[in-house]
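Here is what each chain is made of, one letter per residue.
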Amino acid sequence: MLDPQAQALMTLLSEKGIPPVYTQTPVDARASYRARRTFTQPEAPEVGRVQDLQFQHAGVDIAVRVYHPAGATQAMPALVYLHGGGWTIGDLDTHDVLCRSMCQQAHGVVVAVDYRLGPEHKFPAAYDDAVAAWQWVTTQSQTLGIDPECIAIGGDSAGGNLAAAACLGLRELGLKPVMQLLIYPSTLMAPDTVSYQTNGQGFMLTRESMAWYSGNYLRGTQDAQDWRASPQLATSHAHLPPAFVLTAGFDPLRDEGLMYADALSRAGVSSQYICFERQIHGFITMGRVLQEANTAVALCAQALRTAWTQA
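What comes next is a walk through the structure.

Thoughts on the state of the cysteines
Per the stated rule, a full pass over the model turns up 0 disulfides. Here Cys150 stays free of any disulfide, with the sulfur of Cys103 as its closest cysteine sulfur at 14 Å. Cys300 provides the cysteine sulfur closest to Cys275, a residue in no disulfide bond, and the two sulfurs are 13 Å apart. We classify Cys275 as buried; its relative accessible area is 19%.

Here it is as structure tokens:
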């Protein structure tokens, strides 16, 4: 059964005539996504301090927003966070409440990354930014008040894809976050899973939308076979950070999250998997209208605290 609160939300969006994302230009879709957030997201919780900074890599300036918890001391644990939005929409503001909540509840620093988006910046730009962001946080840890040995990486949807892929790329560099937090991640660019077929219509994220997103991000069909775009296809998933994978039962991406958690477990990587069976894709940011979203945020914060403690 679909969560009645999720059903009510989808009914309301339908009644208001919100156009599907794939019928909009990327610029209009970004504005629409940003405007809708105030309806579904909770009030922004207070944190100790927020800094808007930027770093440069490969001649590109990348904006970041750093959240410090109240009562923060030097050498706090940290999470590098990559927002969702199909590599096309979303920004520091659309995920501000979620990052504040993680900062407050996990009691650690959260560094949100405004990585480059398609179609203006094609694959592997977003992936490159994700890897560079984790490295920058590590090298700037003293300035940021972060423990360099206790930095996790995570994200939701497209951000979960980037976090998973970044862990694979960092492994090749001999680097390892203390945890990967993957919230309904996309792990296959050309999926043919049961959930993709059964949930691809009528539950917010549709097959048409996914094709639009991936078309904006990828340079061509060949990119779908690259592990940097489809981390499920990596030759090996061994020696990766412990994972906390969270999915939604009515999400077309549900099976991709489960498959990735299983791939990590088979490779000997500690992996926890939780599915909110009655929820839809994107639910974790919607705590104003979906009660289970707040439960999901609390679970993620608890998983972060545990990983930081064990690091």
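From this point, things continue past the structure.
A short note on helix α10 (residues 291–310)
The end-to-end C-alpha distance of α10 is 30 Å, a good match for the 28 Å that 20 residues give at a rise of 1.5 Å each. Among the residues making up α10, those that are buried are Ala293, Ala296, Val297, Cys300, Ala301, Ala303, Leu304, Ala307 and Trp308. On an axial view of α10, the arc spanned by its buried residues comes to 160°, and they lie on one face. Relative to its buried face, α10 has exposed residues pointing more than 90 degrees away, namely Gln291, Thr309 and Gln310. Looking at the buried side of α10, the elements it contacts are β3 (76–82), α3 (96–106), β5 (146–156), β6 (180–183), β7 (243–248) and β8 (271–276).

Overview of unusual backbone geometry
At the junction of Gly118 and Pro119, the peptide bond is cis and its omega measures out at 5° in the coordinates. The topology assignment puts Pro119 in the loop between β4 (109–114) and α4 (125–139). Following Phe123, the chain continues into Pro124 via a peptide bond in cis, with omega recorded as 5°. Inspection of the secondary structure puts Pro124 in the loop between β4 and α4. The backbone of Ala58 sits at a positive phi, close to 50°, despite the residue not being glycine. In this fold, Ala58 is placed in the loop between β1 (49–57) and β2 (60–68). Of note, the phi angle at Met204 is positive, near 75°, even though the residue is not glycine.

A look at empty space enclosed by the protein
To find the voids left in a structure, one rolls a probe of water-molecule size over its atoms. One pass over the structure, following the stated rule, counts 1 cavity of 30 Å³ or more. Lining the largest cavity we find Tyr81, His83, Asp91, Leu92, His95, Cys99, Ala112 and Val113.

Parameters at a glance
- Residue positions are counted from 1 within each chain, in the order its sequence is given.
- Totals for whole chains, interfaces and linings use all residues, but because this is a predicted model, local features are given only for residues with pLDDT of at least 70 and pairs of side-chain atoms are given and counted only at 80 or more.
- Note that the side-chain values use all heavy atoms of the structure and ignore hydrogens as well as water.
- Throughout, a disulfide means two cysteine sulfur atoms within 2.5 Å of one another.
- When a residue's accessible area, from a 1.4 Å probe over protein chains only, is under 20% of the maximum for its type it is buried; when over 50% it is exposed; and in between it is partly exposed.
- Only runs of H or I of at least four residues qualify as helices and only runs of E of at least two qualify as strands under DSSP, and these elements are numbered from the N terminus.
- By definition here, a helix of n residues has an expected span of 1.5 Å times n minus one.
- The arc under discussion is defined with respect to the helix axis, by the directions toward the C-beta atoms.
- In what follows, residue pairs with any heavy atoms lying within 4.5 Å of each other are defined as contacts.
- Site definitions follow a grid-based scheme: protein atoms alone, a 1 Å grid, a 1.4 Å probe that fits but cannot get out for cavities, and for pockets an open set with protein on both sides within 12 Å along at least five of seven lines, plus lining residues having an atom within 4 Å of a point.
- Grid points are joined across faces, edges and corners, and a volume is the space filled by probe spheres set on the points.

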